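Residues per chain, in single letters:
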Amino acid sequence: MGSKKKLEVALVYDFDGTLSPGNMQEFGFVQAIGKDPSEFWTKNKSMAVENDASEILCYMALMIKEASYANIRLTRESFQSFGKMIELFPGVQQWFSLINTYGNSIGLCIKHYINSSGLREMIEGTPIAKEFENIYACSFLYDVNGVASWPAVAVDYTAKTQFLFKINKGIREVSDNSKVNQYIPEDKRRIPFERMIYFGDGDTDVPCMKMVKQHGGHSIAVYGNRAKKVTAMRLINEDRVNFACSADYTEGKDIYNVVKRILQKIRADYDFKRLLDIHKNNAQKYRA
C-alpha cells in the first residue's frame, strides 16, 4: 500500500482541571487582589445568580472590577505573568513531545488545541503555550492604555462545541462566523471528528466530550481528585465519554497508554478504509 500518509490528528484539551489543578485565576491573580479563591468564586456566583447572567462573563467582569479596586493594571503582560504561576499536572510539560514522537512513528501528525473557559492571555504565559496549534479561550478587549476593559470572547459550553467545528474545518479565527457555517464535504474537512481526542473534566466539557464520541472520535474524562473521579466514572456510565483517566501525563501512566491505543486505532482505521476503497475500485472494473 506504499508509504503511510501523515494524517493530522487533533488532541483538544480543556485547561482548568484537565491540564492544571484548580482554576487559573487562583494562581497569582486572586492573591494579587487580596482575596482568597473561595471569596472570589462566591462573589462570582452571587453576581451571576442575582443578575441571571453567565458565570463566565461575570468572572471576567469581576476580574476587571477587583483589579481596579486593588489598583492593578490588567495588561496582556500582567495576565501572562500570572500565567507563569499556573501549576500543571504531573507530566504535562513533557507530554507534547512524547505523544508527538509516538504519533510520528506511526505516520500521524499530532496537532494540539486548547478549548477552555479560562483566559487565553494567562494560558499564553504558561511554558506549554507554544505547544498549541490554537488556543480557543476567553479573552479581553484592551483600551488605549493596554488595560483590559471589556470581554472580547467568553467561552461557555455552547462556544466550546462551535470551536470543535472550527478545528474540524481548519478555521483559526474566533471572529469568523461564515466559514464555520459553510458546507464542506466530510472528506474535505481538515480534521474529521473520528480523528479527534477530547480531554475534559467539567460540566462545560460534557457536550464536547459527548459530541466527539458520537461522531466517532474519542473523549477522555480527566480527574485530579476523588470527587472528579466519581464524576468521570458517572460520565462513562452515562455513555458520554469513552475513558476516565487520572491527571498524570507521565510516560507509561494510564492516560499515556490510552492515548497511544487510540492513536493506533486511528491509524489502523484509516489504513483499513483505504484497503476497502482499493478493493471496491478494483471491483468496479468487473461490473457488467
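About the cut-offs
Residues numbered from 1 in each chain as written. Predicted model: local features only at pLDDT ≥ 70, side-chain atom pairs only at ≥ 80, totals over all residues. Heavy atoms only, no water. Helix = DSSP H or I, 4+ residues; strand = E, 2+ residues; numbered from the N terminus. Rg over C-alpha atoms; globule rule 2.2 N^0.38 Å. Buried < 20%, exposed > 50% of the residue type's maximum accessible area, 1.4 Å probe, protein only. Contact = heavy atoms within 4.5 Å. Areas by Shrake-Rupley, 256 points an atom, 1.4 Å probe, with all protein chains shown as cover. Lys, Arg positive; Asp, Glu negative; His and termini not counted. Charge placed at Lys NZ, Arg CZ, Asp CG, Glu CD. 1 Å grid on protein atoms, 1.4 Å probe; cavity = no way out; pocket = protein on both sides within 12 Å on 5 of 7 lines; lining within 4 Å. Points joined across faces, edges and corners; volume = space filled by probe spheres on them. Nonpolar A, V, L, I, M, F, W, Y, C, P; charged D, E, K, R; others polar. Pairing = 2+ DSSP bridges. Right-handed = clockwise from strand over helix to strand, strands pointing away. Salt bridge = Lys/Arg side-chain N within 4 Å of Asp/Glu carboxyl O. Core = buried A, V, L, I, M, F, W, Y, C linked by side-chain atoms within 4.5 Å.

Trainee: What am I meant to see in the overall build of the protein chain here?
Mentor: Scanning the protein chain from terminus to terminus reveals 10 helices and seven strands. The C-alpha radius of gyration of the protein chain comes to 21 Å, within 12% of the 19 Å expected for a compact globule of 288 residues. The proportion of buried residues among the 288 residues of the protein chain is 48%. A fraction of 61% describes how many contacts in the protein chain between residues 6 or more apart in sequence connect residues 24 or more apart. When the accessible surface of the protein chain is split by element, carbon and sulfur atoms take 50% of a total near 14,400 Å². Separation of charge centres in the protein chain, based on 39 positive and 34 negative side chains, amounts to 9 Å.

Trainee: Help me understand empty space enclosed by the protein in this model?
Mentor: Remark: the empty space left among the atoms is shown by a probe the size of a water molecule rolled over them. Applying the stated rule across the entire model yields one cavity of 30 Å³ or more. Computed from the structure, the largest cavity encloses a volume of approximately 50 Å³. As for the largest cavity, its lining consists of Y113, E133, N134, Y136, K166, I167, G170, I171, R172 and R190. For the lining of the largest cavity, a count of residues per class yields four nonpolar, two polar and four charged.

Trainee: Would you explain the pairing of strand β6 (residues 218–223) in this entry?
Mentor: Within a regular strand, the side chains alternate between the two sheet faces. The element β6 is extensively covered by neighbouring structure, given that six of its six residues are classed as buried. Residues H218, I220 and V222 line one face of β6 and the alternating positions S219, A221 and Y223 line the opposite face, and both faces are buried. Taken together, the four bridges between strand β5 (residues 196–200) and β6 define a ladder with parallel strand orientation. Following the sheet pairing, G200 is matched in β6 by A221. Regarding topology, helix α8 (residues 206–214) serves as the crossover connection from β5 to the parallel β6, and that connection is right-handed. The sheet contact formed by β6 and strand β7 (residues 243–246) spans four bridges and is parallel.

Trainee: When you look at the pattern of salt bridges in this model, what are you seeing that I'm missing?
Mentor: Inspection of the entire model under this criterion finds 18 salt bridges. Here E66 and K43 are joined by a salt bridge, their closest N and O atoms 2.9 Å apart. One end of the pair, E66, is in helix α3 (residues 55–69); the other, K43, is in helix α2 (residues 37–51), and 23 residues separate them in sequence. Residue E66 is classed as buried on the basis of its relative accessible area, which comes to 5%. Judged by its relative accessible area of 37%, K43 falls in the partly exposed class. In this structure, the salt-bridge partner of E133 is R190, at a minimum N-O distance of 3.3 Å. In this pair, E133 sits in the loop between α6 (120–123) and β3 (134–142) while R190 sits in the loop between α7 (157–169) and β5, placing the two residues 57 residues apart along the sequence. By relative accessible area, E133 is classed as partly exposed at 26%.

Trainee: What is the right way to read the nonpolar core from this model?
Mentor: Proteins that are soluble and globular tend to have nonpolar side chains buried together. In terms of nonpolar packing, the biggest core is built from 87 residues, with L11, W95, L119, F199, I220, V259 and L263 touching the most fellow members. Ranked by residues supplied to this core, first place goes to α3 with eight residues. Contact partners of F199, with chain neighbours within four places excluded, come to L11, V12, Y13, D14, T18, W95, I220, V222, I255 and V259.

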